[in-house]
Amino acid sequence: GTKKRSQLDLELEIENMGAHLNAYTSREQTVYYAKAFSKDLPRAVEILADIIQNSTLGEAEIERVSHDELLELAKFHFGDSLSTHKGEIPALPPCKFTGSEIRVRDDKMPLAHLAIAVEAVGWAHPDTICLMVANTLIGNWDRSFGGGMNLSSKLAQLTCHGNLCHSFQSFNTSYTDTGLWGIYMVCEPATVADMLHVVQKEWMRLCTSVTESEVARAKNLLKTNMLLQLDGSTPICEDIGRQMLCYNRRIPIPELEARIDAVNAEVIREVCTKYIYDKSPAVAAVGPIEQLPDFNQICSNMCWLHD
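The structure displayed is predicted, hence computed values, not measured ones.

Asks: Tell me what's going on with the overall build of the chain, and back it up with residues and numbers.
Replies: Scanning the chain for helices and strands turns up 11 helices and eight strands. Here the C-alpha radius of gyration of the chain, 24 Å, is well above what a compact globule of 307 residues would show, namely 19 Å. For the chain, the spread of C-alpha atoms along the three principal axes comes to 70 × 55 × 45 Å. Taken across its 307 residues, the chain has 36% of its residues classed as buried.

Okay, structure coming up:
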């Protein structure tokens, strides 16, 4: 609830308007949104403003912790570091990405789950679009897919032909000032090393010999996926809000398509070499991962691989 409305009052008011109210939190953004009839717009905005600025947390909604006890524990464990900073707050240097790994071996699990990624860029960086195209080019695959060797993704063809994994999903996660570009895969214990080898070999091919036809297909698919995501008022509203936070404006779809069309095979090779080739990755693996190569071997395979 808020200072003006109890939780019940809020629920009844939204219900009586025939509106929808929800919220979610991502790593960098917290979103409150409402869907209502256009005639109820002023009221919906007022309710959102009330929730954001005047929310109250009742004792039943949170675990009560003694403030004094918490303060004493903080003073004991943190000491003088709790002192108020004097003068201007110093500018924080950018965080440095460090390749590393975490392995949780559990042979009781039937399948191995593995993710490998390199540092990418933030939303507003000029290379973002190119990395999105490269991510679409790698694509995703699941055993339930048909097509076999006729699949458009080269990695999917190799995976299907060699029966190397149950599924894989490439990803390009962007934040304000950095990002992660990589792939997540689910494999049988005996195929973990082979699958990783094929993935890294495909990454190296992006850096050296990707073709214009592959890039053209990925660009068309990326544009299609972007438009399909905007299939209702809620995702369109979320897209507008996200772009306002990231770019301080909404990028028109024709402009976005023009930026995608400007990418070609040469640009893909240059940008992928910049962010993937000979870079130290972050690796996370859980399950029966005995066959997973050691981290130094994985790093050495971020250069050109031979069969």
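Asks: Break down the sheet that holds strand β4 (residues 112-120) for me, citing the residues and quoting the values.
Replies: Spatially, the six strands line up as an open sheet ordered β3-β8-β4-β7-β6-β5, and their pairing is mixed. Where the open sheet ends on each side, the last strands, each with one partner, are β3 (100-105) and β5 (140-142). If you compare each strand with its neighbour and ignore which way they point, the axes differ by 15° on average. Judged from the eight bridges that link them, strand β6 (residues 167-174) and strand β7 (residues 179-187) form a sheet pairing that is antiparallel. Following the sheet pairing, N172 is matched in β7 by W181. Of the strands in this sheet, β4, β5, β6 and β7 touch helix α4 (residues 128-138), which is tilted by about 175° from β6.

Asks: Explain the pairing of β7 to me, using residue names and the numbers behind them.
Replies: The buried count for β7 comes to seven of nine residues, which makes it a mostly enclosed element. Hairpin geometry of β6 and β7 is characterised by an intervening segment of four residues between the two adjacent antiparallel strands.

Asks: Could you give an account of the pattern of salt bridges, with specific residues and numbers?
Replies: Tallying each qualifying case throughout the model produces 15 salt bridges. One salt bridge connects D50 with R5, and the closest N-O pair in it is separated by 2.7 Å. One end of the pair, D50, is in helix α2 (residues 41-54); the other, R5, is in the segment before α1 (7-17), and 45 residues separate them in sequence. When its relative accessible area of 3% is taken as the criterion, D50 is described as buried. With a relative accessible area of 10%, R5 lands in the buried category.

Asks: Explain the domain arrangement of the chain to me, and be specific about the residues and the numbers.
Replies: As assigned here, the chain comprises domain 1 (7-79) and domain 2 (101-301). Using C-alpha coordinates to define each centre, domain 1 is positioned 35 Å away from domain 2. In this complex, domain 1 contributes six residues to the contact, which on the side of domain 2 involves eight residues. When the two sides are added together, the surface that domain 1 and domain 2 hide from each other amounts to roughly 640 Å², 45% of it contributed by carbon and sulfur. Of all residues in domain 1, E28, Q29 and K35 give up the largest surface area on contact with domain 2, accounting jointly for 62% of the area buried on that side. Tallied by class, residues from the side of domain 1 that touches domain 2 come to two nonpolar, one polar and three charged.

Asks: Got a sec to walk through the packing of α4 against helix α10 (residues 265-275)? Specific residues and values, please.
Replies: Closest axis-to-axis distance for the α4/α10 pair is 10 Å, and the angle between their directions is 95°. What the angle tells us is that α4 and α10 run roughly perpendicular. Counted together, C130, L131, V133 and A134 of α4 and V267, I268, V271, C272 and Y275 of α10 form the full contact between these two elements. Partitioning the contact of α4 with α10 into residue classes produces nine nonpolar, no polar and no charged.

Asks: A description of α2 should follow, citing residues and the corresponding values.
Replies: Between its first and last C-alpha atoms α2 spans 19 Å; for 14 residues at 1.5 Å apiece the expected length is 20 Å, and the two agree. Within α2, burial applies to A44, I47, L48, D50 and I51. Projected onto a plane normal to the axis of α2, the buried residues spread over an arc of 160° and lie on a single side. Residues of α2 that are exposed and point over 90 degrees away from its buried face: L41, P42, I52 and Q53. Looking at the buried residues of α2, the elements they touch are α1, β1 (20-25) and β2 (30-35).

Asks: Describe the nonpolar core, listing the residues and the values that go with them.
Replies: The biggest cluster of nonpolar side chains holds 57 residues, and the ones touching the most others in it are F168, W181, I183, M185, W203, I268 and I276. By size, the runner-up hydrophobic cluster in this structure holds seven residues, among which are L10, I14, A44 and I47.

Asks: Before we move on, can you summarise the side chain of E202 with the specific residues and values?
Replies: Assignment of secondary structure puts E202 in helix α6 (residues 192-208). The exposure class assigned to E202 is buried, which follows from its relative accessible area of 4%.

Asks: Could you give me a rundown of α10, with the residues and numbers involved?
Replies: Among all positions in α10, only A265, I268, V271, C272 and Y275 are buried. Take α10 and look down its axis: the buried residues cluster within an arc of 130°, on one side only. Where α10 begins, the side chain of N264 points an oxygen toward the backbone nitrogen of E266, at a separation of 3.1 Å.

The rules we used
- Residues numbered from 1 in each chain as written.
- Predicted model: local features only at pLDDT ≥ 70, side-chain atom pairs only at ≥ 80, totals over all residues.
- Heavy atoms only, no water.
- Helix = DSSP H or I, 4+ residues; strand = E, 2+ residues; numbered from the N terminus.
- Rg over C-alpha atoms; globule rule 2.2 N^0.38 Å.
- Buried < 20%, exposed > 50% of the residue type's maximum accessible area, 1.4 Å probe, protein only.
- Pairing = 2+ DSSP bridges.
- Axes fitted to C-alpha atoms, helices over the stretch in contact; angles between N-to-C directions.
- Contact = heavy atoms within 4.5 Å.
- Salt bridge = Lys/Arg side-chain N within 4 Å of Asp/Glu carboxyl O.
- Domains from an automatic or database assignment.
- Buried area = accessible area lost by both parts, 1.4 Å probe.
- Nonpolar A, V, L, I, M, F, W, Y, C, P; charged D, E, K, R; others polar.
- Parallel < 35°, antiparallel > 145°, perpendicular 65-115°, else oblique.
- Expected span 1.5 Å × (residues − 1).
- Arc of directions from axis to C-beta.
- Core = buried A, V, L, I, M, F, W, Y, C linked by side-chain atoms within 4.5 Å.
- Polar contact = N/O pair within 3.5 Å; in protein donor to acceptor, adjacent residues only side chain to side chain.

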